[in-house]
Amino acid sequence: MIYNIQQRPELAKIDLGTVAISYTKHARKRSEEKMIWLPNEVKISGNVVEMETNNQTGKPRKIIVRISHDSQYDLVIALVPADEVTRGKLLATTVWLNHKNDNHKTLRKSRVAA
């Protein structure tokens, strides 16, 4: 299931503290193409905007966080749980910039659980 902050405001209450991040080749390529600075760690507290869970276990499969990038843009990072390869770090699969005033009027609500 995919849960978005607009339908599930309780996502804003998720607090995992500061976590270390590893990046996939795709995420690093996107950052180079878009000239996005990638942090080595991110504080996950009040900035989760979307979460996808495993349909059978209910455990998170993906968390999307939004953090300040500069005065005009926020950095959005799609994270998946840590595994042996990432040595305890969350794995960022992709990154992009959203304008701070972006209010997601184009959100496809059919993809998001109610």
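Residues numbered from 1 in each chain as written. Predicted model: local features only at pLDDT ≥ 70, side-chain atom pairs only at ≥ 80, totals over all residues. Heavy atoms only, no water.

### Describing the pattern of salt bridges
Note the cut-off: A pairing counts as a salt bridge when a side-chain nitrogen of Lys or Arg comes within 4 Å of a carboxyl oxygen of Asp or Glu. Categorising residues by exposure relies on relative accessible area from a 1.4 Å probe, with only protein chains included: less than 20% of the type maximum marks a residue as buried, more than 50% marks it as exposed, and the intermediate range marks it as partly exposed.
Inspection of every chain in the model, using the stated rule, returns 6 salt bridges. Notably, a salt bridge pairs Arg8 with Glu10, separated by 3.8 Å at the nearest N-O pair. Residue classification places Arg8 among the partly exposed residues on the basis of a relative accessible area of 26%. Close ionic contact of Arg66 with Asp74 constitutes a salt bridge, the shortest N to O distance being 2.9 Å. By relative accessible area, Arg66 is classed as buried at 16%.

### Here's the deal with unusual backbone geometry
For the record, the criterion: Per the convention used, a helix needs a DSSP run of H or I reaching at least four residues, while a strand needs a run of E reaching at least two, with both numbered from the N terminus.
We note that Met35 has phi near 55 degrees; this positive angle belongs to a residue other than glycine. Locating Met35 in the fold gives a position in the loop between helix H1 (25-34) and strand S3 (41-45).

### Digging into the pairing of strand S4 (residues 48-53)
Formally: Each pair of strands is called paired provided DSSP finds at least two bridges between the two strands.
Counting buried positions along S4 gives 5 out of 6 residues, so the element sits mostly inside the fold. Alignment of strand S1 (residues 2-4) against S4, held across 3 bridges, turns out to be antiparallel. Counted as the bridge partner of Asn4 is Glu50 from S4. By the bridge criterion, 5 bridges tie S4 to strand S5 (residues 60-68) in an arrangement that is antiparallel. Bridge assignment links Thr53 to a residue of S5, and that residue is Pro60. Two successive antiparallel strands, S4 and S5, enclose a turn made up of 6 residues, where Gly58 displays a positive phi of approximately 80 degrees.

### As for the pairing of strand S7 (residues 90-99)
Inspection of the sheet shows strand S2 (residues 15-23) paired to S7 by 3 bridges, in the parallel sense. Across the sheet, residue Ser22 finds its bridge partner in S7, namely Leu91. Examined bridge by bridge, strand S6 (residues 73-80) and S7 share 8 bridges and lie antiparallel to one another. For Val76, the partnering residue across the bridge sits in S7 and is Trp96.

### Some details on the confidence of the model for the protein chain
Atom-level detail of predicted coordinates should not be read off regions where pLDDT is low. Stated formally: Note on scores: pLDDT gives the predictor's confidence for each residue, bounded by 0 and 100. For this analysis, residues touch if any pair of their heavy atoms sits within 4.5 Å.
Residues with a pLDDT of 70 or more make up 85% of the protein chain, whose mean pLDDT is 85. Looking at the elements of the protein chain, mean pLDDT is at its lowest for S1, recorded as 84, and at its highest for H1, recorded as 96. Low confidence marks residues 106-112, where pLDDT is under 50. Its contacts with residues over four positions away, or in another chain, come to 10 contacts.

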